[in-house]
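Read off the chains here:
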Amino acid sequence: MPATLDSDAAVFAETFTRIRDEVGKFIVGQTDIIENVLTAVCCGGHVLLEGVPGLGKTALVNTLAKALDLKFGRIQFTPDLLPSDVVGTQVLADRGGQRELVFQPGPVFCNILLADEINRATPKTQSALLETMQEKRVTVAGVSHPLELPFFVLATQNPIENDGTYPLPEAQLDRFFFKLHVTLPGHDEFAEILNRTGGNAMPEIRPVAHGEDILSMGRTLREIPVAKDVQDHLIRVVRNTHPENEKSPEKVKQYVRHGASPRAAQAMLAAARVRALLDGRFHVAREDVDEVAPPALRHRLILSFEGEAEGIEPGELIKSAIRGAY
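Residues numbered from 1 in each chain as written. Predicted model: local features only at pLDDT ≥ 70, side-chain atom pairs only at ≥ 80, totals over all residues. Heavy atoms only, no water.

### Brief notes about the overall build of the protein
Helix and strand counts for the protein stand at 15 helices and eleven strands. Here the C-alpha radius of gyration of the protein, 21 Å, is about what a compact globule of 326 residues would show, namely 20 Å. Each of the three principal axes of the protein carries a C-alpha extent, and together these read 70 × 50 × 45 Å. Counting across all 326 residues of the protein, residues that qualify as buried make up 48%. The contacts of the protein with a sequence gap of at least 6 include a subset with a gap of at least 24, amounting to 75%. On the protein, roughly 15800 Å² of surface is accessible, and the fraction owed to carbon and sulfur atoms is 51%. (Helix = DSSP H or I, 4+ residues; strand = E, 2+ residues; numbered from the N terminus. Rg over C-alpha atoms; globule rule 2.2 N^0.38 Å. Buried < 20%, exposed > 50% of the residue type's maximum accessible area, 1.4 Å probe, protein only. Contact = heavy atoms within 4.5 Å. Areas by Shrake-Rupley, 256 points an atom, 1.4 Å probe, with all protein chains shown as cover.)

### A closer look at the pattern of salt bridges
One pass over the structure, following the stated rule, counts 17 salt bridges. In this structure, the salt-bridge partner of glutamate 22 is lysine 25, at a minimum N-O distance of 3.1 Å. Glutamate 22 sits in the buried class, given a relative accessible area of 3%. The shortest N-O distance in the salt bridge between glutamate 131 and arginine 137 comes to 3.2 Å. The class of glutamate 131 is partly exposed, set by a relative accessible area of 25%. Judged by its relative accessible area of 35%, arginine 137 is partly exposed. Look at the salt bridges and you will find they share partners, linking Arg275, Asp279, Arg281 and Asp288 into a network. (Salt bridge = Lys/Arg side-chain N within 4 Å of Asp/Glu carboxyl O.)

### A short note on the environment of proline 107
Within the element layout of this structure, proline 107 appears in the loop between strand E4 (98-105) and strand E5 (112-116). Judged by its relative accessible area of 31%, proline 107 is partly exposed. Counting along the chain gives 64 residues from proline 107 to alanine 171, while the straight-line C-alpha distance between them is 22 Å.

### Concerning the pairing of strand E2 (residues 72-76)
In E2, alternate side chains face the same way, and those of Gly73 and Ile75 are buried while those of Phe72, Arg74 and Gln76 on the opposite face are not. For E2 and E5, the ladder comprises five bridges, and the chain directions are parallel. Bridge assignment links glutamine 76 to a residue of E5, and that residue is aspartate 116. (Pairing = 2+ DSSP bridges.)

### Section: unusual backbone geometry
Here the residue pair leucine 149 and proline 150 is connected by a cis peptide bond, since its omega of 0° sits within 30 degrees of zero. Note that proline 150 resides in the loop between strand E7 (143-146) and strand E8 (152-157). In the Ramachandran plot, glutamate 117 falls in the positive-phi region, its phi being about 50° despite a non-glycine side chain. We note that lysine 136 has phi near 55°; this positive angle belongs to a residue other than glycine. Tracing the sequence through the fold places lysine 136 in the loop between helix H6 (130-135) and strand E6 (137-140). By relative accessible area, lysine 136 is classed as partly exposed at 21%.

### What about the domain arrangement of the protein?
By domain assignment, the protein separates into domain 1 (1-78 + 109-223) and domain 2 (224-326). With centres defined by C-alpha atoms, the gap from domain 1 to domain 2 works out at 22 Å. Of the residues lining the interface, 24 residues belong to domain 1; the matching set on domain 2 comes to 19 residues. Approximately 2000 Å² of surface area, both sides summed, lies buried where domain 1 meets domain 2, with 67% of it carried by carbon and sulfur atoms. By the criterion of area lost to domain 2, the three top residues of domain 1 are Asp174, Lys179 and Leu221, representing 26% of everything that side buries. (Domains from an automatic or database assignment. Buried area = accessible area lost by both parts, 1.4 Å probe.)

### Structural notes on the pairing of E4
Of the pairings in the sheet, the one linking strand E3 (residues 88-95) to E4 comprises eight bridges and is antiparallel in character. Within E4, the residue paired with alanine 93 across the bridge is glutamate 100. Counting the residues in the hairpin turn of E3 and E4 gives two residues, including glycine 96, whose phi is positive at 60°.

Structural data, given as structure tokens:
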């Protein structure tokens, strides 16, 4: 193992832990959620946080932005929001007595974008984020405007069953690295939330890492080797989510209309490398792949009519796909 990789891995683990602990000063519990969000950020991916209002999704994103000392932007998605409200637009400006069109950047020009209640906006407005999420740039009137790196979209949404929501387009869902479910805290966590937020002093979050640290962590991840048998296992898991694959489980063939894309495999590979480094290993194991499969795949499975009618949970299908890969 090269000495540089050894030292880079140590820096990766130390920085990851430092950020996680700083965020944990304000966010009570939700350790898995915090780690998964950080995993996606280190890999350069976007995260979709789903849960009913009031569970701390917005607070988590706010706290992360403070801990990373990055430029923070927020968009409150509503049914009347327009695409230009997201990416920006051209405005008529007076320059030296001459009037000309000048690009006015939207709130998307930041490092960490909180897309709050993203499924409250219409699909047309939701799709305004597609280019920014994939290409890290905005194109208005035929002119491209690059975004400053690193750039991450951390979106929150209420469950689709709530009134006044619009399902996200499948193409946009596929661009989210992870989809995480934020659940109700336990009794003790409830008590700690009240203790931290109900007193005279709020926990102070200080910057413990910077944008270049995140970019450096991403470069370190790409140096971690992956054995062929582990990569083959990952491919089998993803292919097992496709009903047309002859080796897919019967549940998948019955309840899934479309399986996960190659982008899902890329996300799983990157996230598995994070788990390996945090565990002090310089190689990826099958267990790492299995652990990151649910958050990477759950939003990428499109259920059939029968699956929707019977209320099949994607998690059940992912477990079947994993078992079938061995």
